[in-house]
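# Architecture at a glance
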Amino acid sequence: QVQLVESGGGLVQPGGSLRLSCTASGSIFNIYVMGWYRQTPGKQRELVADITPGYTTNYADSVKGRFTISRDNAKNTVYLEMNKLKPEDTAVYYCYSQMNSGLGFAPRDYWGQGTQVTVSS
């Protein structure tokens, strides 16, 4: 059973920093793209950043220059370093990964449980 477990959310003041972590576990053959999405009340879930197995990154314009996504393939872990946080960054952040469980199986989409990030003074 493949699963993604997130950690690192919390309350931080504007201008502060947080680091989110997400680790994949279970019967994993390969992990492809990994990323982070976020969702606020009344809005669609939006892509924050993602990263390929070759470490190519992609960021939403709203976080570019402030957030950094990285991954450790040996640990099956993706990180999101969030700096210079703004109140509008407040959201539930969801880890995302494309993975398959064995040779010959097509990759599937997996989601973490979500972790709350609140930026407030």
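Since this is a predicted model, take the numbers as computed values, not measurements.

## Remarks on the overall build of the protein
Each helix and strand counted, the protein has zero helices and 11 strands in total. The secondary structure elements of the protein, listed N-terminal to C-terminal, are β-β-β-β-β-β-β-β-β-β-β. Taking 121 residues into account, the globule formula puts the C-alpha radius of gyration at 14 Å, and the protein, at 14 Å, falls close to it. Taking the principal axes of the C-alpha coordinates as reference, the protein spans close to 50 × 25 × 25 Å. Pairs at least 24 apart in sequence give 56% of the contacts found in the protein among residues at least 6 apart. Of the roughly 6500 Å² of accessible surface on the protein, 48% is carried by carbon and sulfur atoms. Computed over 11 positive and 9 negative side-chain charges, the inter-centroid distance for the protein is 2 Å.

## A closer look at the pattern of salt bridges
A full pass over the atoms with the stated rule returns four salt bridges. Between Arg38 and Glu46 there is a salt bridge whose closest N-O contact spans 2.9 Å. Among the residues examined, Arg38 registers a relative accessible area of 6% and is labelled buried. Linked by salt bridges that have partners in common, Arg38, Glu46, Arg66 and Asp89 make up one network.

## Overview of the side chain of Ser21
One can find Ser21 in strand S3 (residues 18-25). Judged by relative accessible area, Ser21 falls into the buried class, the value being 18%. Sequence-distant contacts of Ser21, defined by excluding residues within four places in its chain, comprise Val5, Glu6, Ser7, Trp36, Val78 and Tyr79.

## Looking at the sheet that holds strand S7 (residues 67-72)
What the four strands build is an open sheet, ordered S1-S3-S8-S7; its pairing is antiparallel. Each edge of the open sheet is held by one strand with a lone partner, namely strand S1 (3-7) and S7. Here the average twist between neighbouring strands, direction ignored, is 15°. As paired strands, S7 and strand S8 (residues 77-82) are joined by six bridges and run antiparallel to one another. Across the sheet, Arg71 pairs through a bridge with Val78, a residue of S8.

## Here's the deal with the environment of Gln116
Mapped onto the elements of the fold, Gln116 is located in strand S11 (residues 115-119). Spatially, the C-alpha atoms of Gln116 and Gly10 are 6.1 Å apart, while their sequence positions differ by 106 residues. Gln116 has contacts with Gly9, Gly10, Thr90, Ala91 and Val92, leaving out every residue within four places of it along the chain. One polar contact links the side chain of Gln116 to the main-chain carbonyl oxygen of Ala91, over a distance of 3.4 Å.

Conventions we followed
Residues numbered from 1 in each chain as written. Predicted model: local features only at pLDDT ≥ 70, side-chain atom pairs only at ≥ 80, totals over all residues. Heavy atoms only, no water. Helix = DSSP H or I, 4+ residues; strand = E, 2+ residues; numbered from the N terminus. Rg over C-alpha atoms; globule rule 2.2 N^0.38 Å. Contact = heavy atoms within 4.5 Å. Areas by Shrake-Rupley, 256 points an atom, 1.4 Å probe, with all protein chains shown as cover. Lys, Arg positive; Asp, Glu negative; His and termini not counted. Charge placed at Lys NZ, Arg CZ, Asp CG, Glu CD. Salt bridge = Lys/Arg side-chain N within 4 Å of Asp/Glu carboxyl O. Buried < 20%, exposed > 50% of the residue type's maximum accessible area, 1.4 Å probe, protein only. Pairing = 2+ DSSP bridges. Axes fitted to C-alpha atoms, helices over the stretch in contact; angles between N-to-C directions. Polar contact = N/O pair within 3.5 Å; in protein donor to acceptor, adjacent residues only side chain to side chain.

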